[in-house]
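# Residue-level structure breakdown
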Amino acid sequence: MQQQKGDYSRNFKGSSRNAAKDPSPPPETENLDPETKLLRERYMGIAELRRQKRRRTASDRKFTFDWKTEDDTSSDYNPIYRGEVSASLGLKNTGEAEERKKRALELQEVPRKKKDTDWDSMHWSEKPLDKMKERDWRIFKEDFSISTKGGSVPNPMRSWEESGLPPEILRAVEEVGYKEPSAIQRAAIPVALSCRDVIGVAETGSGKTASFVLPLLSYIIEMPVLNEVTKSDGPYAIILAPTRELAQQIETETRKFCNRLGFRCVSIVGGHTISEQSFALQEGAEIVIATPGRLVDCIERRVLVLSQCCYVIMDEADRMIDLGFEEQVNKILEALPVTNTKPDNDDAENARLMSTYLGGKDRYRQTMMYTATMPPAIERIARQYLRRPATVIIGSAGQAVGTVEQRVEFVTTEEKRKRRMAEILNSGEFQAPIIVFVNIKKNCDMVARELNRIGWKAVILHGGKSQDQREAALKQLRDGEADALVATDLAGRGIDVPDVSLVMNFNMAKNIEDYTHRIGRTGRAGKSGIAMTFLSNGDQDTFYDLKQMLSKSALSKVPDELRRHEAAQAKFAARKTMQNIQ
Ligand SMILES: Nc1ncnc2c1ncn2[C@@H]1O[C@H](COP(=O)(O)OP(=O)(O)OP(=O)(O)O)[C@@H](O)[C@H]1O
């Protein structure tokens with residue numbers, strides 16, 4: 001019986017499965033016509049080849065045939081290459097198989113063309129900047145806990161090289177030793193360079209100072225060099241800070257860069273005589289760092305003019321308002337030659353305006369505010385002083401430093417607190433320097449005496465001390481001549497003393513913002529630290545916020561006495577309302 005052409009599939013199926021096990025042709029082939037029999041026998045050759053291939057071990061799988069293409073003899077006995085079978089396989093044109101085989105052999109000689117790089121499957125850190133897509137930027141911001149608001153905000157910078165800072169400034173950054181930008185620097189510097197007003201919120205010790213100083217220097221480097229005439233016109237920029245210590249702290253950080261770029265920065269703070277400070281200003285300074293009170297004093301006495309100042313930075317702006325400096329801040333802004341109420345220009349226009357020398361009348365002020373916490377006052381201040389600000393927040397605003405383990409204990413009397421403090425410091429868990437916060441000046445002396453008694457040389461920092469005494473105390477602590485600093489909230493903000501191992505709140509801060517700034521004196525620049533706080537019922541206005549903060553901290557535990565305390569169940573304001581209702 002002549003097998004119908006269409007029946008090959010059945011035989012093929014039967015044959016290939018059997019061929020895999022039994023090389024002899026199956027019995028039904030006895031009745032095949034010669035052509036089909038020939039076809040069958042040739043396919044048996046292919047099945048045998050496949051069987052041999054399957055018998056080889058995995059290690060042989062990577063065949064490295066050492067024969068050249070012209071040695072390939074398969075076309076002699078394998079009809080599929082010769083096209084004899086193509087007709088029976090229903091291929092339209094027997095030459096097609098030949099063509100396909102020739103093409104296949106040609107391709108074997110052509111090295112594999114590199115596939116288009118699959119950029120989408122790469123991590124943002126492996127991509128060139130021009131291949132970064134919206135999704136990559138979203139992942140990048142999540143990696144650094146960056147969130148922004150305020151219209152279209154420039155993308156963060158992935159590295160110093162991509163910052164857009166001038167090469168001279170990048171060289172200074174490298175010499176200072178900042179290998180990688182911190183999160184706030186990555187996010188805030190590109191925004192500031194786009195001439196936008198900025199609100200920067202990042203935890204204490206996260207590098208906020210450099211995040212506003214570097215773009216400021218990038219602006220100043222474009223301005224004419226101060227000469228004998230223009231230096232009397234005053235600085236190109238002012239940086240306002242709520243306390244003398246923070247102002248001097250910012251000066252130290254700013255000088256790291258100014259000294260390498262040939263710029264001068266001068267701090268104007270209380271505690272030094274006006275003549276001392278006017279002498280320092282006579283040499284001219286591109287940047288003046290000041291506390292608001294003393295700066296207003298210098299302006300009113302004509303010791304300082306701000307006739308070419310178009311750049312204002314407010315560090316710890318909420319604290320400045322808390323300390324009652326709002327009136328002085330307003331006076332300072334009124335003394336500038338520009339305001340920020342110019343009509344809203346687009347950002348390119350802003351860049352032109354800010355780079356134009358002061359001669360042009362259509363200038364406006366660039367203003368920035370930085371803080372580690374975000375109390376309601378910040379929103380009000382921002383509306384008053386900033387123009388279309390971009391807000392950059394690292395982590396959740398007001399979050400305590402993630403590197404600080406926060407411990408709290410209920411210790412009610414001063415005597416018990418002194419004994420407990422001695423126990424903790426004699427345990428050997430902590431090494432100098434440490435900082436101990438109290439709420440009133442007289443407690444400074446009392447705690448310092450106790451520390452000296454147990455062998456921890458203590459220095460004191462509070463508003464009643466002269467400026468020289470305050471600066472000397474900080475210097476002794478930084479230079480290792482003292483083991484402990486006992487301070488009121490004066491030092492709570494911004495003071496940067498390297499490697500503080502312990503912050504102790506002998507008295508709990510009056511509010512959670514001050515508590516956050518205090519404990520931020522340790523765990524800075526990415527290092528870890530411990531904060532220990534003594535509580536009593538007198539601190540219950542802070543219990544709710546404190547419990548929330550401890551709960552969010554991966555390193556800290558909420559003691560049962562605080563967790564269960566009635567005052568920790570609702571915010572102070574809400575509790576007051578409930579009491580009034582009862
Ligand atoms: N990119 C960086 N790489 C390494 N160290 C840095 C970097 N930026 C800043 N620092 C260092 O980190 C420390 C803290 O910086 P800075 O005082 O600016 O923090 P801060 O956020 O202003 O703190 P605070 O909120 O207390 O004012 C400083 O000693 C500074 O030199």
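These lines cover the structure that appears in this document, whether it is placed above or below. These numbers come from a predicted model, not from an experiment.

Quick notes on the rules
Residues numbered from 1 in each chain as written. Predicted model: local features only at pLDDT ≥ 70, side-chain atom pairs only at ≥ 80, totals over all residues. Heavy atoms only, no water. Pairing = 2+ DSSP bridges. Helix = DSSP H or I, 4+ residues; strand = E, 2+ residues; numbered from the N terminus. Axes fitted to C-alpha atoms, helices over the stretch in contact; angles between N-to-C directions. Contact = heavy atoms within 4.5 Å. Near = heavy atom within 4 Å. Polar contact = N/O pair within 3.5 Å; in protein donor to acceptor, adjacent residues only side chain to side chain. Areas by Shrake-Rupley, 256 points an atom, 1.4 Å probe, with all protein chains shown as cover. Left-handed = near helix turned anticlockwise from the far one by under 90°. Nonpolar A, V, L, I, M, F, W, Y, C, P; charged D, E, K, R; others polar. Buried < 20%, exposed > 50% of the residue type's maximum accessible area, 1.4 Å probe, protein only. Right-handed = clockwise from strand over helix to strand, strands pointing away.

### Notes on the sheet that holds strand β4 (residues 265-268)
Spatially, β1-β8-β2-β7-β6-β3-β5-β4 is the arrangement adopted by the eight strands of the open sheet, whose pairing is mixed. At either end of the open sheet lies a strand with only one pairing partner, and these are β1 (146-149) and β4. Strand-to-strand twist across the sheet, computed as the mean angle between neighbouring axes with direction ignored, equals 15°. Summarising the sheet, strand β2 (residues 198-201) and strand β7 (residues 366-371) pair through four bridges and their orientation is parallel. Its bridge partner being in β7, Val-201 is matched across the sheet by Thr-371.

### A closer look at the environment of Asn-426
Within the element layout of this structure, Asn-426 appears in the loop between α17 (414-425) and β10 (434-437). For the pair Asn-426 and Ile-454, spaced 28 residues apart in the sequence, the C-alpha separation amounts to 7.9 Å. Discounting residues that sit within four places of it in the chain, Asn-426 has contacts with Ile-454 and Trp-456.

### A word on the site of the ligand
Residues in close proximity to the ligand total 20 residues, the closest being Tyr-178, Lys-208, Asp-496, Arg-521 and Arg-524. A distance of 3.2 Å separates an oxygen atom of the ligand from a polar atom in the side chain of Glu-253. The separation between an oxygen atom of the ligand and a polar side-chain atom of Arg-521 is 2.7 Å. Summarising the interface, the protein chains cover 86% of the accessible area of the ligand, which totals 640 Å² for the free molecule.

### Considering the sheet that holds strand β13 (residues 502-505)
Strand pairing in a sheet relies on backbone hydrogen bonds, with the paired strands running either antiparallel or parallel. Reading across the sheet, the six strands line up as β9-β14-β13-β10-β12-β11 and stay open at both edges, with parallel pairing between neighbours. Unpaired on one side and paired on the other, β9 (404-410) and β11 (458-461) mark the two borders of the sheet. Neighbouring strand axes in the sheet, compared pairwise and without regard to direction, differ in orientation by 20° on average. As defined by bridge partners, β10 adjoins β13 across four bridges and the pair is classed as parallel. By the bridge assignment, Ile-435 is partnered in β13 with Val-503. Across the sheet, helix α18 (residues 441-453) is in contact with β10, β11 and β12 (484-487); its angle to β11 comes to roughly 170°.

### Describing the packing of helix α9 (residues 208-220) against helix α10 (residues 244-261)
Direction vectors running N to C along α9 and α10 enclose 35°, while the axes themselves pass 10 Å from each other. The way α9 lies across α10 gives a crossing that is right-handed. Between α9 and α10, the residues in contact are Thr-209, Ala-210, Phe-212, Val-213, Leu-214 and Leu-217 and Ile-250, Glu-253, Thr-254, Phe-257, Cys-258 and Leu-261, respectively. Split by residue class, the contact of α9 with α10 holds nine nonpolar, two polar and one charged.

### Here's the deal with the environment of Gln-384
Mapped onto the fold, Gln-384 is located in helix α16 (residues 376-385). Expressed as a C-alpha distance, the spacing of Gln-384 and Asn-330, which sit 54 residues apart in the sequence, is 9.6 Å. Setting aside anything within four residues of it in sequence, one finds Gln-384 in contact with Glu-326 and Asn-330. Here Tyr-385 takes part through its side chain, which lies 3.5 Å from a polar atom of the side chain of Gln-384.

### So, the pairing of strand β5 (residues 287-290)
Both faces of β5 are covered, namely the face carrying Ile-287 and Ile-289 and the face carrying Val-288 and Ala-290. In terms of strand pairing, strand β3 (residues 237-240) meets β5 through four bridges, oriented parallel. Counterpart to Ile-239 in the pairing with β5 is Ile-289. Direction of pairing for β4 relative to β5: parallel, over a ladder of four bridges. What sits directly across from Ser-267, in β5, is Ile-289. The handedness of the β4 to β5 crossover, carried by helix α11 (residues 274-282), is right-handed.

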